[in-house]
Amino acid sequence: MGAILSLKNIGFSYGESWALKGLDLEIRSGELLGVIGPNGSGKSTLLNIIDGILIPQEGEALLKGIAVSSYNRSSLAKEVAMVAQENHFRFSFSTLEVVYMGRFPYLDRFQFEGKRDMEVVYKALADTQCIELSKRSIHELSGGEKQRVLIARALAQEPTVILLDEPTSFLDLKYKSEIFNLISSLAHKAGLSVLVVSHDIDLTARYCDKMVMLRDGRVFSTGAPDEVITASNIEAVYGCPVIVDKNPVSGSPRVSLR
Amino acid sequence: MTDTTIEVPLGPVRVVRISLLLCVFLALTIFISLLLGTADVTLDQLWGLFVGDPDVKETVRLIVFKIRLPRILLAGLVGFSLSLGGVVFQALLRNPLADPFILGVSSGGAFGAVLGIMFGLGFNFGIPLMSYAGALLTIFLVLEIGKKKMGMESSTILLTGVIINAFFTAIIMFFVSTAVDDRLHSMLFWLYGDLSQSNYNQSVIVFPFVFTGFVVLYGLSRHLNLITAGEETALQLGVDVKKAKLICFLTVSLVVGLVVAFSGLIGFVGLVVPHLGRMAFGSDHRLLMPVSALGGAVFLIAADTLARTVVSPSELPVGVITAFIGAPFFIYLLKTRGSKWARS
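Now for a description of the structure that goes with this document. (Residues numbered from 1 in each chain as written. Chains lettered and ligands numbered in written order. Predicted model: local features only at pLDDT ≥ 70, side-chain atom pairs only at ≥ 80, totals over all residues.)

**Topic: the environment of Tyr-175 of chain A**
Residues and elements named next belong to chain A. Residue position: Tyr-175 is located in helix α6 (residues 173–188). Look at Tyr-175 and you get partly exposed, because 18 C-beta atoms sit within 10 Å. Put simply, Tyr-175 and Arg-148 are 27 residues apart on the chain and 9.7 Å apart in space, counted from C-alpha to C-alpha. Setting aside residues no more than four positions away along its own chain, Tyr-175 makes contact with Gly-143 and Gly-144. (Helix = DSSP H or I, 4+ residues; strand = E, 2+ residues; numbered from the N terminus. Buried ≥ 20, exposed ≤ 12 C-beta atoms within 10 Å, placed from the backbone. Contact = placed C-beta atoms within 7 Å.)

**Overview of the nonpolar core**
Counting 167 residues, the largest nonpolar core has Val-99, Ile-162, Leu-163 and Val-194 of chain A together with Val-88 and Val-259 of chain B as its most contacted members. Every residue in contact with Val-88 of chain B, bar those within four places of it in the chain, is listed here: Leu-217, Leu-224, Cys-248 and Val-252 of chain B. (Core = buried A, V, L, I, M, F, W, Y, C linked by C-beta atoms within 7 Å.)

**Side note on the interface of chain B and chain A**
With 27 residues of chain B in contact, the opposing surface of chain A contributes 34 residues. Broken down by element, the residue count for the side of chain B that touches chain A peaks at four residues, all from helix α10 (residues 231–236) of chain B. Across the side of chain B that touches chain A, the residue classes tally to 10 nonpolar, 11 polar and six charged. (Nonpolar A, V, L, I, M, F, W, Y, C, P; charged D, E, K, R; others polar.)

**Description of helix α5 (residues 143–156) of chain A**
Residues and elements named next belong to chain A. The terminal C-alpha atoms of α5 lie 20 Å apart, and with 14 residues this matches the ideal 20 Å at 1.5 Å per residue to within 8%. Those residues of α5 that sit buried are Lys-146, Gln-147, Arg-148, Val-149, Leu-150, Ile-151, Ala-152, Arg-153, Ala-154, Leu-155 and Ala-156. Looking at the packing, one finds that the buried side of α5 touches β6 (80–83), α3 (95–100), α4 (115–127), β7 (161–165) and α6. (Expected span 1.5 Å × (residues − 1).)

**Quick notes on unusual backbone geometry**
With glycine set apart, most residues show a phi of negative sign, and most peptide bonds adopt trans. The linkage connecting Ser-312 of chain B with the following residue, Pro-313 of chain B, adopts the cis geometry, with an omega of 10°. Among the structural elements, Pro-313 of chain B can be located in the loop between α13 (285–309) and α14 (318–342). Located in the positive-phi region is Gln-129 of chain A, a residue other than glycine, with phi close to 55°. By the element assignment, Gln-129 of chain A lies in the loop between α4 and α5. Taking the C-beta count within 10 Å as the criterion, Gln-129 of chain A has 13 such neighbours and is therefore assigned partly exposed. With a phi close to 45°, Glu-166 of chain A is a non-glycine residue in the positive phi region. Structurally, Glu-166 of chain A can be placed in the loop between β7 and α6. By the C-beta count within 10 Å, which is 17 here, Glu-166 of chain A ends up partly exposed.

**Points about the sheet that holds strand β2 (residues 18–27) of chain A**
Residue and element names in this part refer to chain A. Strand order across the open sheet formed by four strands is β2-β1-β4-β5, with antiparallel pairing between neighbours. Whereas interior strands pair on both sides, the edge strands pair on one side only; in this sheet they are β2 and β5 (66–67). Across five bridges, the pairing between strand β1 (residues 5–13) and strand β4 (residues 58–63) is antiparallel. Within the sheet, the bridge partner assigned to Lys-8 lies in β4 and is Glu-60. (Pairing = 2+ DSSP bridges.)

**Regarding the sheet that holds strand β3 (residues 32–36) of chain A**
Residue and element names in this part refer to chain A. Taking strand neighbours across the sheet as the criterion, the six strands line up as β6-β7-β8-β3-β9-β10 in an open arrangement whose pairing is mixed. The open sheet terminates on both sides in strands that have one partner only, identified here as β6 and β10 (218–223). Adjacent strand axes in the sheet meet at a mean angle of 20° when their direction is disregarded. As paired strands, β3 and strand β9 (residues 210–215) are joined by four bridges and run parallel to one another. Across the sheet, the residue bridging to Leu-33 is Lys-210, located in β9. (Axes fitted to C-alpha atoms, helices over the stretch in contact; angles between N-to-C directions.)

**What about the packing of helix α1 (residues 12–35) of chain B against α13 of chain B?**
Residue and element names in this part refer to chain B. Relative orientation of the contacting elements α1 and α13 amounts to 5°, with a least axis distance of 10 Å. Taken together, α1 and α13 sit at an angle that is classed as roughly parallel. For the pair α1 and α13, the contacting residues are Arg-14, Val-15, Ile-18, Ser-19, Leu-22, Cys-23, Phe-25, Leu-26, Thr-29, Ile-30 and Ser-33 in the first and Arg-286, Leu-287, Pro-290, Val-291, Leu-294, Gly-295, Ala-297, Val-298, Ile-301, Ala-302 and Thr-305 in the second. Here the residues of the contact of α1 with α13 sort into 15 nonpolar, five polar and two charged. (Parallel < 35°, antiparallel > 145°, perpendicular 65-115°, else oblique.)

Read these as layout, nothing more, since geometry by itself doesn't imply function.
What follows is the structure, given as structure tokens:
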């Protein structure tokens with residue numbers, strides 16, 4: 001089966017140097033792809049290109065074989081959902097209202113949500129264990145709960161691709177594993193193409209099928225987690241001495257500072 | 001709730017029901033305002049006028065239909081528009097302290113109107129058009145200056161609005177003070193928001209624009225919901241943010257600019273009413289917009305009735321009343337909610 005999303009020879013510059021250069025990347029459906037790399041290595045730029053917010057100067061980004069830039073905002077929102085790192089709700093919305101926001105691209109200008117929207121939102125809430133949160137204000141939720149609600153909103157978009165930008169960065173260990181379990185079920189059970197950008201190398205390596213390691217806007221290494229997560233790769237990209245061994249239970253690579 | 005669906009937070013029935021309830025409330029406010037004023041109009045007389053009783057005195061008929069009703073109608077339209085403008089600005093700037101007056105859009109419109117008067121334009125077409133141009137120019141000026149260094153930081157934009165507001169008010173004062181034309185002298189009173197010169201003609205001019213403006217903006221109510229969650233979020237959820245914002249700014253400037261041409265500077269309506277609406281009915285603009293607009297009409301009719309009765313037989317500009325209510329309210333919002341809104 002072909003790739004849902006494929007980036008070919010992408011080059012993007014904000015003005016001076018290349019933020020991304022010669023980048024190739026593919027995701028199939030049901031695949032969980034982890035993207036790691038130090039700050040400034042081009043991870044956020046990559047997400048914004050897939051989401052059509054930035055248009056690359058070189059190469060092409062194809063979604064289901066069609067250039068991302070030729071989708072309009074609303075048809076793109078039906079294919080690609082983003083769970084962003086920062087979310088500030090200035091006004092108080094209930095969890096339910098936030099998740100229903102994901103139905104935006106499916107409704108006409110003066111249309112209200114109907115039966116089909118109610119089913120999709122119910123499933124999104126159920127899949128993320130958010131049903132009991134639905135009446136609460138988004139302002140009252142804990143970091144982990146809020147992250148789940150935002151994933152539910154992304155699912156309400158009924159996308160084929162979900163992008164997550166450091167979904168676990170402000171969470172404690174319990175919530176981190178909860179979120180990664182959820183993300184993994186989206187790819188492996190629901191069959192979505194999931195791309196997660198993360199600073200949690202161990203967790204990403206533990207859950208992802210494939211990894212991409214970026215350095216200075218270029219793919220430094222890509223492949224299965226144990227091919228990418230090696231002491232020499234990490235030292236070359238992050239510039240600090242590490243030991244990489246195996247998690248004794250899962251067998252996935254584990255990074256510790258030397 | 002059944003097994004496989006979950007209720008919607010808001011349905012059209014609720015929007016219509018609450019809007020109709022507010023319409024009844026609005027009608028009641030209009031009725032009470034017709035009774036109140038320097039001259040006595042009794043309930044019997046007013047009722048007689050409505051059912052066509054020929055015994056009602058001609059003076060009463062004149063007071064009700066020629067003096068009070070046109071003023072009340074205009075107050076309602078102005079309140080409706082300013083409050084609608086407040087809701088939309090607050091959503092676009094993601095700041096609950098935004099309002100057409102605080103952002104300088106009202107005084108920009110007033111500046112346009114004063115220029116119109118100096119050029120000898122008429123109140124039917126030329127002056128409202130100038131007022132619209134002034135309002136539109138101001139909003140783009142405020143956005144442009146406000147964003148220069150800080151990105152789209154909404155408190156910077158608000159501050160820019162305050163400064164522009166002060167600047168335009170000063171220019172208007174300058175023109176008023178140096179003018180030889182009698183019409184400009186009477187404008188001083190109008191600077192504080194004055195509805196005493198109202199006639200039906202003004203409402204007839206304003207109404208179609210306000211109505212159309214409301215429909216256009218209501219069509220963007222879900223867009224505004226998403227924009228309050230952040231422009232990038234809105235983009236990712238499928239909103240054409242640039243287009244939505246442009247339509248909103250053009251429409252709100254039109255509506256606000258027009259009413260300013262006939263009412264002068266009336267502040268804080270767009271601040272107080274939407275906030276109360278949000279506390280009572282939540283943040284969904286599909287409900288908040290009609291609630292705030294109708295609530296704004298009620299609020300300004302009540303405020304104007306106060307303005308013409310508290311110091312009877314003389315009158316206050318209605319802007320004095322709204323400022324008396326609105327300024328402490330603004331401070332209260334800043335004190336109680338300020339910390340939450342300070343970060344962007």
